[in-house]
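Analysis of the macromolecular model
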Amino acid sequence: MLEQIREPLLAWYKENKRSLPWREDPTPYHVWVSEIMLQQTRVEAVKEYYARFLFALPEVKDLAECPEERLLKLWEGLGYYNRVKNMQKAAREVMEQYDGRLPADYEKLLKLPGIGSYTAGAVASIAYGIPRPAVDGNVLRVITRITENPEDILKQSMKKKTEEALLEIMPKDCPGDFNQSLMELGATVCVPNGMAKCQCCPVARVCQAYAHGTVMEYPKKAAKKQRKIEERTVLVIQNGQEFAISKRPPKGLLAGLYELPNKEGYLTEEEILSFVKGLHLIPLHIREAGEAKHIFSHVEWRMKGYFIKVAATEEKKVGSLIFVDRKESRGKYPIPSAFSAYRKFIEEDF
């Protein structure tokens, strides 16, 4: 059945593929950067980040040598910061072992930090013309609908079977286009949310789910574990024209990034004022800064914010806090999007 999708899919892709910046010049480095950025991030959101990242770090060497804080700042807003940390580890290995060029070898790509079978397959096929599949969520959705496969797509065994099946039918002369045609079909036609656009699908005639009216029943996924809920109190502390931030530990959630001071649980105004006084700061004014929510993969933060103005001090560092001005907070220190609801108190006059 899958052999029948190859030719119509490639013809459709040639006529309908989107114009995307990483497709204009698909060097190994460009493909790698774009594929890592596109994980868990929308295409439209990635375009600006991709351009900015490559302007700042045009070669593997630049990525390998970039100071971590600058690197995290370039990634700020994309989330999942371990992705870019692993990219830098991989870039350093590429400099040491492969003279600054990603290896034209699927197995060697697979051994680099942060590169799994999907990314290795994408770089190998798109940049080097090596026939290896690149199976992501879009591709799994397309294939399970075509074949009416009831297996759980979150299982590694299911992904492995799909990779093996696609490897058998992959065209040797254009494996990159074939992989991208499957991705494109999943992103624009066989979509994840809402009804698939089957009337526009070039392979509808061989799709079993379309034939049997079961498209919305696929893919099958096991129920996700419920996220842990964490309540936090976030503090926007203003000292003259500067604001308090602190650096998170080097390991764990949001490792090594800067954050607004925050405490577990919902603190009362009295508890907050006591905390601020404990830092040998003199609170002049406190008011609520609203509620916000941020969802990580396994944790959900439910936050209540407070804006606290303190008597101006010349101190740049108080305990674990450092005070920075608006310009520094925007341009130098990577503050994750988890705190975006409260960034306005720093970046705008209130």
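Structure: above.
Residues numbered from 1 in each chain as written. Predicted model: local features only at pLDDT ≥ 70, side-chain atom pairs only at ≥ 80, totals over all residues. Heavy atoms only, no water.

A short note on the overall build of the protein chain
- Per the secondary structure count, the protein chain includes 16 helices and eight strands.
- In terms of its C-alpha atoms, the protein chain occupies a principal-axis envelope of roughly 75 × 50 × 30 Å.
- At a minimum sequence separation of 6, the contacts of the protein chain that also span at least 24 residues come to 69%.
- When the accessible surface of the protein chain is split by element, carbon and sulfur atoms take 49% of a total near 17700 Å².
- Between the averaged position of the 53 positive side-chain charges in the protein chain and that of its 48 negative side-chain charges there is a distance of 2 Å. (Helix = DSSP H or I, 4+ residues; strand = E, 2+ residues; numbered from the N terminus. Contact = heavy atoms within 4.5 Å. Areas by Shrake-Rupley, 256 points an atom, 1.4 Å probe, with all protein chains shown as cover. Lys, Arg positive; Asp, Glu negative; His and termini not counted. Charge placed at Lys NZ, Arg CZ, Asp CG, Glu CD.)

Let's talk about the side chain of Asp-136
- Here Asp-136 lies in the loop between helix H9 (117–128) and helix H10 (137–147).
- Although Asp-136 is buried, it forms no salt bridge, and the closest oppositely charged side chain is Arg-141 at an N-O distance of 7.2 Å.
- A distance of 3.2 Å separates a polar side-chain atom of Asp-136 from the backbone nitrogen of Asn-138.
- A polar contact of 3.0 Å, which involves the side chain of Asp-136, links it to the backbone nitrogen of Val-139.
- Aside from chain neighbours lying at most four places away, what touches Asp-136 is Tyr-118 and Met-183. (Buried < 20%, exposed > 50% of the residue type's maximum accessible area, 1.4 Å probe, protein only. Salt bridge = Lys/Arg side-chain N within 4 Å of Asp/Glu carboxyl O. Polar contact = N/O pair within 3.5 Å; in protein donor to acceptor, adjacent residues only side chain to side chain.)

Focus: helix H12 (residues 175–188)
- In a regular helix each residue adds 1.5 Å, so 14 residues correspond to 20 Å; H12 covers 20 Å between its end C-alpha atoms and thus fits that length.
- Among the 14 residues in H12, eleven count as buried, and that is most of the element.
- Restricting attention to buried positions, one finds in H12 the residues Pro-175, Gly-176, Phe-178, Asn-179, Gln-180, Ser-181, Leu-182, Met-183, Glu-184, Leu-185 and Gly-186. (Expected span 1.5 Å × (residues − 1).)

Comments concerning the nonpolar core
- Judged by nonpolar contacts, the single largest core of 100 residues is most densely connected at Ile-5, Trp-32 and Phe-53.
- Ranked by residues supplied to this core, first place goes to helix H4 (residues 43–56) with seven residues.
- Those residues in contact with Phe-53 that sit more than four places away from it in its chain are Tyr-29, Val-33, Met-37, Leu-63, Leu-71, Leu-74, Trp-75, Val-84 and Met-87.
- In terms of nonpolar packing, the next biggest core, distinct from the first, is built from 15 residues, Leu-235, Ile-272, Ile-286 and Val-318 among them. (Core = buried A, V, L, I, M, F, W, Y, C linked by side-chain atoms within 4.5 Å.)

Focus on the layout of surface pockets
- There is about 540 Å³ of room inside the second largest pocket.
- Surrounding the second largest pocket, 31 residues form its lining, Gly-79, Tyr-80, Tyr-81, Asn-82 and Phe-296 being those nearest its centre.
- At the level of elements, helix H3 (28–38), helix H7 (82–98) and strand E5 (283–295) are the ones that each hand at least two residues to the lining of the second largest pocket.
- Sort the elements by how many residues they give to the lining of the second largest pocket and H7 lands first, with five residues.
- Here the residues of the lining of the second largest pocket are counted per class, giving 16 nonpolar, 13 polar and two charged. (1 Å grid on protein atoms, 1.4 Å probe; cavity = no way out; pocket = protein on both sides within 12 Å on 5 of 7 lines; lining within 4 Å. Points joined across faces, edges and corners; volume = space filled by probe spheres on them. Nonpolar A, V, L, I, M, F, W, Y, C, P; charged D, E, K, R; others polar.)

Details of the side chain of Glu-148
- Along the chain, the position of Glu-148 falls in the loop between H10 and helix H11 (156–169).
- Buried Glu-148, no salt bridge; nearest opposite-charge side chain is Lys-220, N-O distance 8.7 Å.
- Separated by 2.7 Å, the side chains of Glu-148 and Thr-214 make a polar contact.
- Discounting chain neighbours no more than four positions away, the residues touching Glu-148 are Gln-208, Ala-209, His-212, Thr-214 and Tyr-218.

Examining the pairing of strand E1 (residues 228–239)
- Counting buried residues along E1, nine of its twelve residues qualify, which places the element largely inside the surrounding structure.
- Note: E1 against strand E6 (residues 299–310), twelve bridges, orientation parallel. Bridge pairing in E6 places Arg-232 opposite Met-303.
- Relative to strand E4 (residues 262–264), E1 is paired through three bridges, and the arrangement is antiparallel. When the sheet's bridge partners are listed, Val-234 is paired in E4 with Asn-262.
- The pairing of E1 with strand E2 (residues 242–247) spans two bridges and is antiparallel. Bridge assignment links Asn-239 to a residue of E2, and that residue is Glu-242.
- The turn linking E1 back onto E2 is made up of two residues, and Gly-240 within it adopts a positive phi angle of 65°. (Pairing = 2+ DSSP bridges.)

Some remarks on the pairing of E2
- In terms of residue burial, E2 counts as a mostly covered element, since five of its six residues are buried.
- Across two bridges, the pairing between E2 and strand E3 (residues 258–259) is antiparallel. Each residue of the ladder has a partner; that of Ser-246, found in E3, is Glu-259.

Overview of the packing of H3 against H9
- Interhelical geometry of H3 versus H9 gives an angle of 145° and a closest axis separation of 9 Å. Judged by the sense of rotation from one axis to the other, the crossing of H3 with H9 is right-handed. Two secondary-structure elements touch here, H3 through Pro-28, Val-31, Trp-32, Glu-35 and Ile-36 and H9 through Tyr-118, Thr-119, Ala-122, Val-123, Ile-126, Ala-127 and Tyr-128.
- Taken together, the residues that form the contact of H3 with H9 break down as ten nonpolar, one polar and one charged. (Axes fitted to C-alpha atoms, helices over the stretch in contact; angles between N-to-C directions. Left-handed = near helix turned anticlockwise from the far one by under 90°.)

Some points on empty space enclosed by the protein
- In this structure the tally under the stated criterion is one cavity of 30 Å³ or more.
- Estimates place the volume of the largest cavity at around 100 Å³.
- At three residues, H10 tops the list of elements feeding residues into the lining of the largest cavity.
- Among the residues forming the lining of the largest cavity, the class breakdown is 13 nonpolar, no polar and two charged.

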